[in-house]
Amino acid sequence: MTADDSYDRLEDDNYPAYTMGRAAEMLGTTQNFLRAIGEARLITPLRSEGGHRRYSRYQLRIAARARELVDHGTPIEAACRIIILEDQLEEAKRINAEYRRTASLHTADT
């Protein structure tokens, strides 16, 4: 692997570039909070060869949303469920928009 390959991976939102300690520091939270949202299956950190949790920028954004909800008084389990439902809604909207585009193209062809 070249240095350029390593830099390209850092631009990847799904590349697990952050240790648990660094992730907690960046989010202004505790490592226990990250463990808790992992146990709630909101995010599943990848593991390094040594077994340490590693987080991607995408996972940190999800964790930040969970922290925001918890900071406003939402229990952690409920916060995780809310985020999962928000994600499912966005996916449904994306699928619906794609369906509408496909349907309008099909209608235009006939």
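Residues numbered from 1 in each chain as written. Predicted model: local features only at pLDDT ≥ 70, side-chain atom pairs only at ≥ 80, totals over all residues. Heavy atoms only, no water.

A. Spotlight on the side chain of Ser56. Mapping Ser56 onto the fold places it in the loop between β3 (53-55) and α4 (57-71). For Ser56, the residues in contact, after removing those within four places along its chain, are Asp13, Asn14, Tyr15, Pro16 and Tyr18. (Helix = DSSP H or I, 4+ residues; strand = E, 2+ residues; numbered from the N terminus. Contact = heavy atoms within 4.5 Å.)

B. Molecular detail of the packing of helix α2 (residues 20-27) against helix α3 (residues 31-39). Remark: α2 packs on α3, axes separated minimally by 8 Å, with the N-to-C direction vectors making an angle of 105°. The angle between the axes of α2 and α3 places the two elements in the roughly perpendicular class. Touching Met20, Gly21, Ala23, Ala24 and Leu27 of α2 are Gln31, Leu34 and Arg35, all from α3. Across the contact of α2 with α3, the residue classes break down as five nonpolar, two polar and one charged. (Axes fitted to C-alpha atoms, helices over the stretch in contact; angles between N-to-C directions. Parallel < 35°, antiparallel > 145°, perpendicular 65-115°, else oblique. Nonpolar A, V, L, I, M, F, W, Y, C, P; charged D, E, K, R; others polar.)

C. Focus on the sheet that holds strand β2 (residues 46-47). The strand order β1-β3-β2 describes an open sheet built from three strands, whose pairing is antiparallel. Each edge of the open sheet carries a strand with a single partner, namely β1 (18-19) and β2. As defined by bridge partners, β1 adjoins β3 across two bridges and the pair is classed as antiparallel. Looking at the pairing, Tyr18 lines up with Tyr55 of β3. Across the sheet, α4 lies against β1 and β3, angled at about 85° from β3, the strand it touches most. (Pairing = 2+ DSSP bridges.)

D. Focus on unusual backbone geometry. In this structure, Arg41 is a non-glycine residue whose phi angle is positive, near 65°. Among the structural elements, Arg41 can be located in the loop between α3 and β2. For Arg41, a relative accessible area of 70% translates into the label exposed. (Buried < 20%, exposed > 50% of the residue type's maximum accessible area, 1.4 Å probe, protein only.)

E. Quick peek at the layout of surface pockets. In this model, the largest pocket occupies a volume close to 200 Å³. Forming the boundary of the largest pocket are Leu42, Tyr58, Arg61, Ile62, Ile83, Ile84, Glu86, Asp87, Gln88 and Glu90. Looking at the lining of the largest pocket, the elements with two or more residues in it are α4 and α5 (76-109). Per element, the largest residue contribution to the lining of the largest pocket is six residues, and it comes from α5. (1 Å grid on protein atoms, 1.4 Å probe; cavity = no way out; pocket = protein on both sides within 12 Å on 5 of 7 lines; lining within 4 Å. Points joined across faces, edges and corners; volume = space filled by probe spheres on them.)

F. Here's a closer look at the pattern of salt bridges. Taken as a whole and judged by the stated rule, the model has nine salt bridges. With its nearest N and O atoms 2.8 Å apart, the salt bridge here joins Arg61 to Asp13. With Arg61 in helix α4 and Asp13 in the loop between α1 (3-10) and β1, this residue pair connects regions lying 48 residues apart in the sequence. Given the relative accessible area of 45%, Arg61 is considered partly exposed. For Asp13, a relative accessible area of 29% puts it in the partly exposed group. With a shortest N-O distance of 2.7 Å, Glu86 and Arg65 are connected by a salt bridge. In this pair, Glu86 sits in helix α5 while Arg65 sits in helix α4, placing the two residues 21 residues apart along the sequence. Judged by its relative accessible area of 31%, Glu86 is partly exposed. Since its relative accessible area comes to 24%, Arg65 is described here as partly exposed. When salt bridges with common partners are traced through the structure, they connect Asp13, Arg57 and Arg61 into a single cluster. (Salt bridge = Lys/Arg side-chain N within 4 Å of Asp/Glu carboxyl O.)

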